[in-house]
Amino acid sequence: MLRSTGDRVVIVGGGIAGALLAKTLQNHADVVLIDPKEYFEIPWANLRAKVDPAAVERTVIPHADYLTHAKVVTSSAVGIDDSVVLTSIGRAVAYDFLVIATGRTCSRPQRQSDRLEMFQHDKDRIDGAKSVLVVGGGPIGVELAAEIVMNSPEKRVTVVHGGPRLLKVMGPRASAKALEWLRSKNVTVLLDQTVDLAGATPDTREFVTSAGETVVADCHFVCTGRPVASGWLKGTFLEGYVDGEGHLKVDDHLMVGGRKNVFAVGDITDVPEAKQGHLAQRQAMVVSRNLRLMVKGECREEKLHRYKPCPKASITVTLGRRDALAELPFMTLIGHIPGAVKPRDLFITRTRRMMGLKSKQYGAMPRVM
């Protein structure tokens, strides 16, 4: 058992929120990061990485590169009680403060090298295909289709989406602009249709939609939404704070159920705002400030920072390297102007700088448990 030290902060989940929180706290507390992967990745750069090899290694960052004063337990969390986190490798990690940042369910390899191979495999599939099927018309599906068609205009790209319009997280005007843009690039968009992929294999070339249309594609990518990764909390003392959609109920301080030593950040929270990476980072910084106060013994509520949701936060969907679709509070823009606001490297350089990585580097190894 990894015993508590009195100021032990255990962070479960090494995504964009959990990683930033661990980085900012490691010099102020005894930090333990529990994550099934040896790395974190910049999620909004994943799609660019499928078509641009130069972006890949800068977006998949080993925890060792930025955690020089923290411990890492490379494992999934499978349960908790009011003082200990249980992991899939049979280790019990005691905590004084707990932060749950498990985000959404996803399947990622443990090692960075294997993750990079996955990106290369996806790139090879796209490069070798004359036609590509994208299942899902949310931000991920739209961005992937745009990356492919802008990188290789000769490819036939088809987007199949189960809803009546693209980009449900944005307004109807943005949806219409996205549809018009994709069709102007010769992307076929089929709305109100789904594809049953239950029997699909890498060799499948014909796909039949729910409307009976046949889509021929050399490869396909599933870009539909993933469920919140809160199933491991079933049967624990936090189960009662999980809502019907799997989100954890948090207060203004991002505490779970008002408990003074349990927090949640990122997609797993029920904060009423879009689930975007930069907002998850804002949540992480609020919890970081609060935990630094609490580790010092300053627990009075009036001193703690509150998180203010951004229900009308601007949403930007990239459309290749030059264009973007931006929904602002009072207008919706598409083209080069919003594309210039979001830099061509998709904030990769800025995010690496936030993690203390001004250039590609390899730091000291944290203690891996």
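Reading the values: the criteria
- Residues numbered from 1 in each chain as written.
- Predicted model: local features only at pLDDT ≥ 70, side-chain atom pairs only at ≥ 80, totals over all residues.
- Heavy atoms only, no water.
- UniProt positions renumbered as here; feature names shortened; annotations may be inferred.
- Helix = DSSP H or I, 4+ residues; strand = E, 2+ residues; numbered from the N terminus.
- Rg over C-alpha atoms; globule rule 2.2 N^0.38 Å.
- Buried < 20%, exposed > 50% of the residue type's maximum accessible area, 1.4 Å probe, protein only.
- Contact = heavy atoms within 4.5 Å.
- Areas by Shrake-Rupley, 256 points an atom, 1.4 Å probe, with all protein chains shown as cover.
- Lys, Arg positive; Asp, Glu negative; His and termini not counted.
- Charge placed at Lys NZ, Arg CZ, Asp CG, Glu CD.
- Core = buried A, V, L, I, M, F, W, Y, C linked by side-chain atoms within 4.5 Å.
- Polar contact = N/O pair within 3.5 Å; in protein donor to acceptor, adjacent residues only side chain to side chain.
- Pairing = 2+ DSSP bridges.
- Axes fitted to C-alpha atoms, helices over the stretch in contact; angles between N-to-C directions.
- pLDDT = per-residue confidence, 0-100.
- Phe/Tyr/Trp six-rings, centres within 6.5 Å; stacked < 30°, edge-to-face > 60°.
- Lys NZ or Arg CZ within 6 Å of the ring centre and 35° of its normal.

Under an unreviewed UniProt entry, the protein chain has the name FAD/NAD(P)-binding domain-containing protein and belongs to Urochloa decumbens. According to UniProt, the comment filed for the protein chain under the heading Function (unreviewed entry) is "Putative FAD-dependent oxidoreductase."

**Focus: the overall build of the protein chain**
Scanning the protein chain for helices and strands turns up 9 helices and 20 strands. The C-alpha radius of gyration of the protein chain comes to 21 Å, within 12% of the 21 Å expected for a compact globule of 369 residues. Based on the C-alpha atoms only, the size of the protein chain along its principal axes is roughly 60 × 45 × 40 Å. When the 369 residues of the protein chain are sorted by exposure, 52% land in the buried category. In the protein chain, of all internal contacts separated by at least 6 residues, the share reaching a separation of at least 24 is 64%. Accessible surface, the protein chain as shown: approximately 16,800 Å² in total, 52% of it carbon and sulfur. Of note, the protein chain has its 50 positive side-chain charges centred 5 Å away from the centre of its 40 negative side-chain charges.

**A look at the nonpolar core**
Among soluble globular proteins, nonpolar side chains are generally buried collectively. Val10, Val85, Leu98 and Val99 are the most contacted members of the largest nonpolar core, which totals 66 residues. Contributing elements (two or more residues each) for this core: strand 1 (8–12), helix 1 (16–25), strand 2 (30–35), strand 5 (71–74), strand 6 (77–80), strand 9 (97–100), strand 16 (262–264) and helix 7 (277–295). The element contributing the most residues to this core is helix 7, with 8 residues. Setting aside anything within four residues of it in sequence, one finds Val99 in contact with Val9, Val10, Ile11, Val12, Leu21, Phe263, Val265, Val287 and Leu291. If you look at the next biggest cluster of nonpolar residues, it comprises 31 residues, including Leu47, Ile126, Leu167 and Cys219.

**Re the UniProt feature "domain: FAD/NAD(P)-binding" (unreviewed entry) in the protein chain**
The UniProt record marks residues 8–283 with the feature "domain: FAD/NAD(P)-binding" (unreviewed entry), using the residue numbering of this structure. What you have in residues 8–283 is 25% helix and 22% strand, and the ends, taken at the C-alpha atoms, are 20 Å apart.

**Let's talk about the side chain of Thr236**
In this fold, Thr236 is placed in the loop between strand 15 (219–222) and strand 16. Only 2.6 Å separates the side chain of Thr236 from the backbone oxygen of Leu233, close enough to count as a polar contact. If we ignore the near neighbours within four places in the chain, the residues touching Thr236 are Gly79 and Ile80.

**Quick look at the environment of Ile80**
Within the secondary structure, Ile80 sits in strand 6. In sequence terms Ile80 and Asn27 are 53 residues apart; their C-alpha atoms lie 25 Å from each other. If we skip the residues at most four places from it in the chain, Ile80 touches Val85, Leu98, Trp232, Leu233, Thr236, Phe237 and Leu238.

**Some remarks on the sheet that holds strand 18 (residues 323–327)**
Across the sheet, which stays open at both edges, the 3 strands sit in the order 17-18-19 with antiparallel pairing between neighbours. Edge positions in the sheet fall to strand 17 (315–319) and strand 19 (332–335), since each of these pairs with one other strand and no more. Strand-to-strand twist across the sheet, computed as the mean angle between neighbouring axes with direction ignored, equals 10°. In terms of strand pairing, strand 17 meets strand 18 through 5 bridges, oriented antiparallel. Each bridged residue has a counterpart across the sheet, and for Val317 the counterpart in strand 18 is Leu325. The sheet contacts of helix 6 (residues 172–184) involve strand 17, strand 18 and strand 19, and relative to strand 19 the element is tilted by about 15°.

**Notes on the confidence of the model for the protein chain**
Chain-level pLDDT for the protein chain is 92 on average; 95% of the residues reach the 70-or-more range. Confidence over residues 361–365 falls short of pLDDT 50; this stretch has 11 contacts with residues more than four positions distant or in other chains.

**Looking at the packing of aromatic side chains**
As enumerated under the stated definition, the model contains 1 aromatic pair in all. Ring centres 5.6 Å apart and planes at 80° place the aromatic pair Phe40 and Tyr66 in the edge-to-face group. With Phe40 in strand 3 (residues 39–41) and Tyr66 in the loop between strand 4 (60–62) and strand 5, the pair connects residues that are 26 residues apart, well separated along the chain. The burial state of Phe40 is the same as that of Tyr66; both residues are buried. The ring centre of Phe119 lies 4.2 Å from the NZ or CZ of Arg115, which sits over that ring. Directly above the ring of Phe347 sits Arg350, whose terminal nitrogen or CZ lies 4.4 Å from the centroid.

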